[in-house]
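Reading the structure
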Amino acid sequence: GENVEQHPSTLSVQEGDSAVIKCTYSDSASNYFPWYKQELGKGPQLIIDIRSNVGEKKDQRIAVTLNKTAKHFSLHITETQPEDSAVYFCAATMNSGYSTLTFGKGTMLLVSP
Amino acid sequence: ETGVTQSPTHLIKTRGQQVTLRCSSQSGHNTVSWYQQALGQGPQFIFQYYREEENGRGNFPPRFSGLQFPNYSSELNVNALELDDSALYLCASSLVGQDGYTFGSGTRLTVV
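This text gives an overview of the structure that appears in the document. Residues take numbers from 1 onward in each chain, read along the sequence in its written order. Chain labels run from A onward and ligand labels from 1 onward, assigned in the order the entries are written. Per-residue local features of the predicted model are confined to residues with pLDDT of at least 70, and side-chain atom pairs are confined, for both listing and counting, to 80 or more; whole-chain, interface and lining totals are unaffected and use all residues. Computation of side-chain values: all heavy atoms of the structure, hydrogens and water removed.

Right, let's get into the overall build of chain B. Going along the chain from the N terminus, every DSSP run of H or I of four or more residues is numbered as a helix, and every run of E of two or more is numbered as a strand. Helix and strand counts for chain B come out as zero helices and 11 strands. From first element to last, N terminus to C terminus, chain B shows the α and β order β-β-β-β-β-β-β-β-β-β-β. C-alpha extents for chain B along the principal axes are approximately 40 × 25 × 25 Å. Each of the 112 residues in chain B was classed as buried or not, and the buried ones make up 49%. It only takes one pair of heavy atoms within 4.5 Å for two residues to be counted as in contact. Restricting the contact set of chain B to residue pairs at least 6 apart, pairs at least 24 apart contribute 52%. Areas reported here follow the Shrake-Rupley algorithm with a probe of radius 1.4 Å; residue values treat only the protein chains shown as occluding. Taken as a whole, chain B presents about 5400 Å² of accessible surface, with 47% of it coming from carbon and sulfur. Measuring between centres, the 7 positive side-chain charges of chain B sit 8 Å from its 9 negative side-chain charges. Remark: exposure states derive from per-residue accessible area (1.4 Å probe, protein chains only) relative to the maximum for the residue type, with buried under 20%, exposed over 50%, and partly exposed in between. Charged residues are defined here as Lys and Arg on the positive side and Asp and Glu on the negative side; His and the ends of the chain fall outside this count. For this purpose, a charge sits on NZ of Lys, CZ of Arg, CG of Asp or CD of Glu.

This is the structure we're talking about:
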């Protein structure tokens, strides 16, 4: 089955800096890669996603890049703000909406004012 | 559109008891998945229901079972609770053929 590795496990940045979280996946059949933000006591919230036929996607301060050949994808957050502090999870699946999501272990991002 | 709602939000059970967790799907979604999230870990897939039938299962024993109802809501049942079952249980709904899985806020289960 699919295996998703996520790094780093914790990331501390100063407000205004950029943050990058990286994930690798094992199953070349995976074709949908969402990123979730989870705040304390809440469920994961989708922040951005990308399909395997796209190399990069951007939404304001958040961007995701995908390298199918190397089987890795990354989350980039620019101009970080204290409210960006949360746990971020990457995930992969081969049949969006129908197949299981395989998650990484998460990255705790702390943005200091 | 309404999101995914789960009940109850918190639950404390004794080892050996049985528990039922409930989930209402996001409007328009027809697939429900359940995940177990241990403290400090990513969510682990338990099983998924589509058209009221289980169509995928993760590495969980048979004492974890579920149901999906005609209105796409769902239940997760766990029998013979063990201490290791203590976790956040997440429900996610989706629509076959469409991107995006919407998660509820979860049920925090504590087994003592």
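All names here are of chain A. Two strands qualify as a pair provided DSSP detects at least 2 bridges between them. An order of β1-β3-β8-β7-β6 is seen for the five strands of this open sheet, with the pairing classed as antiparallel. Of all the strands in the sheet, just β1 (4–7) and β6 (56–59) have a single pairing partner and so form its edges. Averaged over all pairs of adjacent strands, the angle between strand axes in this sheet comes to 15 degrees, irrespective of strand direction. As judged from the six bridges shared by strand β3 (residues 19–25) and strand β8 (residues 72–77), these two strands associate in the antiparallel manner. By the bridge assignment, K22 is partnered in β8 with S74. In this analysis, axes come from line fits to C-alpha atoms, helices being fitted only over the stretch in contact, and the angle between any two N-to-C directions falls in the range 0 to 180 degrees.

Taken together, the contacts link 24 residues of chain B with 21 residues of chain A. Once two parts are put together, the accessible area they lose, assessed with a 1.4 Å probe and summed over both, is termed the buried area. Here chain B packs against chain A, burying approximately 1600 Å² in sum over the two surfaces, 50% of which is carbon and sulfur. Considering only the side of chain B, the residues that lose the most area to chain A are B:D99, B:Y101 and B:F103, jointly responsible for 36% of the buried surface there. What counts as a salt bridge is simple: a side-chain nitrogen of Lys or Arg found within 4 Å of a carboxyl oxygen of Asp or Glu. The tally of links between chain B and chain A comes to zero salt bridges.

With that out of the way, let us pick up the nonpolar core. Among soluble globular proteins, nonpolar side chains are generally buried collectively. Among buried residues, those of type Ala, Val, Leu, Ile, Met, Phe, Trp, Tyr and Cys that are joined through side-chain atoms within 4.5 Å constitute a nonpolar core. With 24 residues, the main nonpolar core has A:W35, A:F73, A:L75, A:Y88 and A:L109 as its most contacted residues. Elements supplying a minimum of two residues to this core: β2 (10–14), β3, β4 (32–38), β5 (45–51), β7 (62–67), β8, β9 (86–92) and β11 (107–112) of chain A. Ranked by size, the runner-up nonpolar core spans 20 residues in total, among them B:V19, B:Y49, B:F64 and B:C91.

This next bit is on unusual backbone geometry. Cis geometry marks the peptide bond from A:H7 to A:P8; its omega dihedral reads -5 degrees. Structurally, A:P8 is set in the loop between β1 and β2. For the bond running from B:S7 to B:P8, omega is -10 degrees, close enough to zero to count as cis. Among the structural elements, B:P8 can be located in the loop between β1 (5–7) and β2 (10–13). For A:E79, which is not glycine, the phi dihedral falls at a positive 45 degrees. If you trace the backbone, A:E79 turns up in the loop between β8 and β9. One non-glycine residue with positive phi stands out, namely B:A80, at about 45 degrees.

This part is about the sheet that holds strand β3 (residues 19–24) of chain B. Backbone hydrogen bonds are what pair the strands of a sheet, in a parallel or an antiparallel way. Residue and element names in this part refer to chain B. The four strands lie next to each other as β1-β3-β8-β7, forming an open sheet whose pairing is antiparallel. If you trace the sheet from one side to the other, it starts and ends with β1 and β7 (64–68), each paired once. Within the sheet, the average angular offset between the axes of one strand and its neighbour, ignoring direction, is 20 degrees. Bridge analysis of β1 against β3 gives three bridges, and the strand direction is antiparallel. In the sheet register, T5 faces β3, and the bridge partner there is S24.

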